[in-house]
Amino acid sequence: MATTEGCLFVFREIQQALVDIGDKEAPFVGSREWIGAIELSFVLDKLVGVTCKILNVRSGADLPEKCRELALHFDTQGTPIMIGGGVLAYTLLGVDYNETSGDCAFLILDPHYTGTDDLKKIVNGGWCGWKKAVDSKGKNFFLADKFYNLLLPQRPKMLKNIQVILRERKSNRNLKNTVGNVFRYHIELFMVSRNSPEGTSLPPALSP
């Protein structure tokens, strides 16, 4: 989102925000250095006034135990979660949590995708889809020997009455709707929180 036409912020603005708060040194601006979930929380707070909760998980093997907490986040906040830490970053768009069995699946969007906003291409190309902690072949999606930081953006008070648009979806059709809506919701969330004074009327909630 930081490099596409019509984006909210460009890279230099994000980098400068981290320098302004003292998290990075001046040479960081204009560099190609990566930032993680913790730095992103600083950026959201500095640029749009959005606070975040940080969930630290020492091992990927422990992530399924957080499903109940993650499901509650999507029910009450509805904002995408950034997953960073000792490995590649992911964006978590939702969870499918069975309270009876404890089974959990994660709706993962790979933020490294650089193509057009073609939902069919994104889904069919494997850039977005449901992931089990352990797949049918016994392969672990989250690695036991790596730590993970989860960034949970909290909706500003003035947006608390917006309907949560994320719903657990398994069919391709509903998955496409979920992905499309979360992109639009994400943009609307930050544009409203950035430009609208508290108490002003808000646009209607997006429908899933």
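Residues numbered from 1 in each chain as written. Predicted model: local features only at pLDDT ≥ 70, side-chain atom pairs only at ≥ 80, totals over all residues. Heavy atoms only, no water.

Peer 1: How should helix α3 (residues 67–76) be read in this particular structure?
Peer 2: Each α-helix turn comprises 3.6 residues. Residues three or four places apart therefore point the same way. Among all positions in α3, only C67, L70, A71, H73 and F74 are buried. Each buried residue of α3 sits inside an arc of 155° when the element is viewed along its axis, so together they form one side. Opposite the packed face of α3, turned more than 90 degrees from it, sit the exposed residues L72 and D75. Each element contacted by the buried residues of α3 is listed here: β1 (52–57), β2 (81–85), β3 (90–97), β4 (104–109) and β6 (148–153). Immediately downstream of α3, the backbone of G78 shows phi near 75°, a positive value. (Buried < 20%, exposed > 50% of the residue type's maximum accessible area, 1.4 Å probe, protein only. Helix = DSSP H or I, 4+ residues; strand = E, 2+ residues; numbered from the N terminus. Arc of directions from axis to C-beta. Contact = heavy atoms within 4.5 Å.)

Peer 1: For this particular structure, what's the right way to read the nonpolar core?
Peer 2: Note that soluble globular proteins tend to have their nonpolar side chains buried in a common cluster. Ranked by size, the top nonpolar core spans 21 residues in total, and within it L70, I81, I83, L92, V95, F106 and L150 carry the most contacts. Contributing elements (two or more residues each) for this core: β1, α3, β2, β3, β4 and β6. Those residues within four positions of L92 in sequence are excluded, and the remaining contacts are L70, F74, P80, I81, I83, F106, L107 and I108. (Core = buried A, V, L, I, M, F, W, Y, C linked by side-chain atoms within 4.5 Å.)

Peer 1: When you look at the side chain of E39 in this model, what are you seeing that I'm missing?
Peer 2: Following the sequence through the fold, E39 ends up in helix α2 (residues 37–48). Of note is the side chain of E39, whose polar atom sits 2.9 Å from the backbone nitrogen of G36. Here E39 is in contact with L18, D23 and K24, once residues within four sequence places are set aside. (Polar contact = N/O pair within 3.5 Å; in protein donor to acceptor, adjacent residues only side chain to side chain.)

Peer 1: Got a minute to help me understand the side chain of T79 in this structure?
Peer 2: In this structure, T79 sits in the loop between α3 and β2. For T79, a relative accessible area of 1% corresponds to the buried category. Here P153 takes part through its backbone oxygen, which lies 2.7 Å from a polar atom of the side chain of T79.

Peer 1: What should I look at first to understand the state of the cysteines in this one?
Peer 2: Throughout this description, disulfide means a covalent bond between two cysteine sulfur atoms. Inspection of every chain in the model, using the stated rule, returns 1 disulfide. Disulfide pairing places C67 opposite C104 at an S-S distance of 1.7 Å. Where C67 bonds to C104 through sulfur, the torsion about that S-S bond is close to -85°, and the disulfide is left-handed. Residue C67 is found in helix α3, and its partner C104 is found in strand β4; the two are separated by 37 residues along the sequence. A residue is classified by how much of its surface remains accessible, and C67, at 0% relative accessible area, is buried. C104 sits in the buried class, given a relative accessible area of 9%. (Disulfide = S-S within 2.5 Å.)

Peer 1: Would you mind going over the environment of E69 with me for this structure?
Peer 2: Residue position: E69 is located in helix α3. Expressed as a C-alpha distance, the spacing of E69 and L55, which sit 14 residues apart in the sequence, is 9.8 Å.

Peer 1: What should I look at first to understand the sheet that holds β1 in this one?
Peer 2: Adjacent strands of a sheet pair through backbone hydrogen bonds, lying either parallel or antiparallel. Strand order across the open sheet formed by 6 strands is β1-β6-β2-β3-β4-β5, with antiparallel pairing between neighbours. One side of each edge strand has no neighbouring strand; the edge strands of this open sheet are β1 and β5 (128–132). Strand-to-strand twist across the sheet, computed as the mean angle between neighbouring axes with direction ignored, equals 35°. Where β3 meets β4, 6 bridges bridge the pair, whose relative direction is antiparallel. For G94, the partnering residue across the bridge sits in β4 and is L107. (Pairing = 2+ DSSP bridges. Axes fitted to C-alpha atoms, helices over the stretch in contact; angles between N-to-C directions.)

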